[in-house]
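# Structural overview
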Amino acid sequence: MISQKTLMVFAPLLILISVMAEATENDTASLDSYLDMNIEELLSMEVTSVSKKKQRLSESAAAIFVITHDDIRRSGVTSIPEALRLAPGIQVAKIDNAKWAISSRGFNTQFANKLLVLIDGRSVYTQSYSGVYWEDQDTLLEDVDRIEVIRGPGATLWGANAVNGVINIITKAAADTQGSLVQVSAGNEEKVIAQLRHGIEVNKDVSARTYLKYADRESSYAPDIDDSANDDWKTRQAGFRVDGGVAQDTWTIQGDVYSNLLSQTLDNIYLDPYNPDNNPPDPVTPYRLFNTKDDIHASGHNVLGRLNRQINTNSQASLQIYYDHTKRREYILEQEKDTFDIDFQHRYSGFTRHDLIWGLGYRRIDDHYLNSDVVSFRDSTEKTSALVSAFLQDEITLKEEELRLTIGSKFEHTEFTGVEIQPSAKLLWIPKPGMTLWGSISRAARTPSAIEQRGSIATGVIILPGVDPISFSNDADGNFESEYLTAYELGFRIQPTETTSLDISAFYNDYSNAASYEYNTYQIVPNPYDPAADPLVIPSQTVFDNKMDVASKGVELVADWRVVSGWRLQSTYSYLTVDTQRDADSTDVFSRVPLEGGSPEHQATLRSIHDIKESMTFDLWMQYVSSLDSTTLSATRDDSIGKYTSVNARFAWLPKKNIELSLVGRNLFDNRHPEFVGEYYILRSEVERSLYAQVKVEF
């Protein structure tokens, strides 16, 4: 629970705000359109991620939360991962200055793999471990229109890996970003963030924008060495977007290019004892490296095109094509990936009670890996894989304006897993205006990553006198299969008054065929300490397998209160519990603790969004996260995390309509704290208190 000390500190701040609110209630209306919206308008926002069509937030049969552009701006965050802390049920934890562990409804690790992330319809999934390199996902936050966050499976429409959730980052149309923007931030941790954007109207049918972004962030603190973690982070990115329309067609072409330099300190690297380059070994730490400085060079470029056609009043079609190239070089692995994706969908609503959406998709991924002592690919470092998919969904109106049933399924085929079928059924009931109840049953699959299909990870080396070195590794043996989820969800939304709303979601997730790490090979060697004794039996290899069942359940809550004109309070809370069960023949001794203890049982936030007067705003944001028992698969590492509370504030002043000056403080009442411990090779670090000032000019 939140400590009494924290409440004693935070409560007076809220009381102070309430007094200020009453004093300024009759001031001129705020320029901030966000606080000008009433609760009903907020619930009527249109979302597209739930059904791949526009629908009101209040009428969506899913646990969805929308992070708006103004939420992002007024929270003071400077990256997409930090913005996701605003959503309930999403665990966002910093590993070091440039790495995050992010997941929904459990299964959070450094390499979390059950969350699908999209930026304007482009998947940023990486083939290597079926997850996301969050440090490489960026854009101008000023250009983000909204982030739609779905907790729970979205595989029926979005396909494999949309297991525990879907995060859809949607940027503004070029027509909404006309003119020029210059924004510069500087602080103790965010040393400098400079952003430029220019938008033009090419003609009455075509608008365009371009942007440049540069960021330089300071290193964090490493408690194990009582010094800098050497994890400073520099990013450079540029991009463009062009939107147009002719007759019944609208189209978009957009692209990005980036080059990032991330430093890191490798804490515990095991070297291959049979590689001649590693011999003779260091006599003090044979075949191991500690506190080794390393750089990550990450770069990439992408281009996306989308065409939407209104065939008639009942029929719409869209075609999207994108190409994405990424390259990443670090000590543990060098990788390069090219993705080509084409997606077609068609909606027909001409039937009396049926609203049909169907689609076809094709994705080709060419990946290339350069082996290291830590990670290697045994059969081939180059691989081409293809995914063919189709989906069909029907929204059936059982009672006009009141009761709807949505059924559908995604069908996917890959060379490695064959056909995956991922159906769902959702029921939505609106008994009266301002009240919605919904329930769903869904199935989702998480397909194997490249490392699970054909990779090997070095996990240790043991040195015994008179015996050749024994290497430990976790390997793919070609038998790893997809993981499956059957999810049961219930939701309730209500607007009891004109100024309040409540959104509650409950879920039970049943995972089968979940990943496990099974002992497979043992080394039998003479006992070097007693030759007359029985030989030693030393396990030297584990393999990726599927001998685990997992069950999780939880509740998520969002409460909104428009206290007075110009002042809004929002609170979120999530509860989660996870239980595991090994198969009878499983030898896995690694997975249970991080699965059950790697995600917080309780998370809570409280936000105060307040317009002091027309040209001045003050916002507070408090986040509480309960303790974590274990976050890694390492049995020898101290990877527990204590509970923590973060208090953040932002003050902004508009001396002129086009100029904004702001001051942001993060973790104000805590010098520093850990949030997550990465796997054994990453040096532990802590999140420090940060302050930065920002100037934004639009013209």
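Since the structure is predicted, the reported quantities are computational estimates derived from the model, not experimental observations. (Residues numbered from 1 in each chain as written. Predicted model: local features only at pLDDT ≥ 70, side-chain atom pairs only at ≥ 80, totals over all residues. Heavy atoms only, no water.)

### Brief notes about the environment of Ser565
By secondary structure assignment, the location of Ser565 is in the loop between β32 (536–564) and β33 (567–582). The spatial distance from the C-alpha of Ser565 to the C-alpha of Asp611 is 8.6 Å, given a sequence separation of 46 residues. (Helix = DSSP H or I, 4+ residues; strand = E, 2+ residues; numbered from the N terminus.)

### Looking at the pattern of salt bridges
Close approach of charged atoms allows side chains of opposite charge to pair. Tallied over the entire structure, the rule returns 51 salt bridges. One salt bridge connects Glu395 with Lys53, and the closest N-O pair in it is separated by 3.2 Å. Here Glu395, found in strand β24 (residues 382–399), pairs with Lys53, found in the loop between β1 (46–47) and β2 (55–56); they are 342 residues apart in sequence, far enough to count as distant. Judged by relative accessible area, which is 12%, Glu395 ranks as buried. In this structure, Arg446 engages Glu452 in a salt bridge whose closest nitrogen and oxygen atoms are separated by 2.7 Å. As far as burial versus exposure is concerned, Arg446 and Glu452 are alike and both buried. (Salt bridge = Lys/Arg side-chain N within 4 Å of Asp/Glu carboxyl O. Buried < 20%, exposed > 50% of the residue type's maximum accessible area, 1.4 Å probe, protein only.)

### Concerning the pairing of strand β3 (residues 63–68)
Counting buried positions over the six residues of β3 gives six, a clear majority of the element. Going residue by residue along β3, you find Ala63, Phe65 and Ile67 tucked away on one face and Ile64, Val66 and Thr68 tucked away on the opposite face as well.

### Examining the confidence of the model for the chain
On average, the chain scores 90 in pLDDT, and the residues at 70 or more come to 93%. Taken as a whole, residues 1–31 scores under 50 in pLDDT and shows 43 contacts with residues more than four places along the chain or in a different chain. (pLDDT = per-residue confidence, 0-100. Contact = heavy atoms within 4.5 Å.)

### Structural notes on the sheet that holds strand β9 (residues 165–171)
Spatially, the five strands line up as an open sheet ordered β3-β8-β9-β6-β7, and their pairing is mixed. Looking at the sheet topology across the chains shown, the edges are occupied by β3 and β7 (122–123). Taken together, the two bridges between strand β6 (residues 115–119) and β7 define a ladder with antiparallel strand orientation. Note on β7: the bridge partner recorded for Leu118 is Ser123. (Pairing = 2+ DSSP bridges.)

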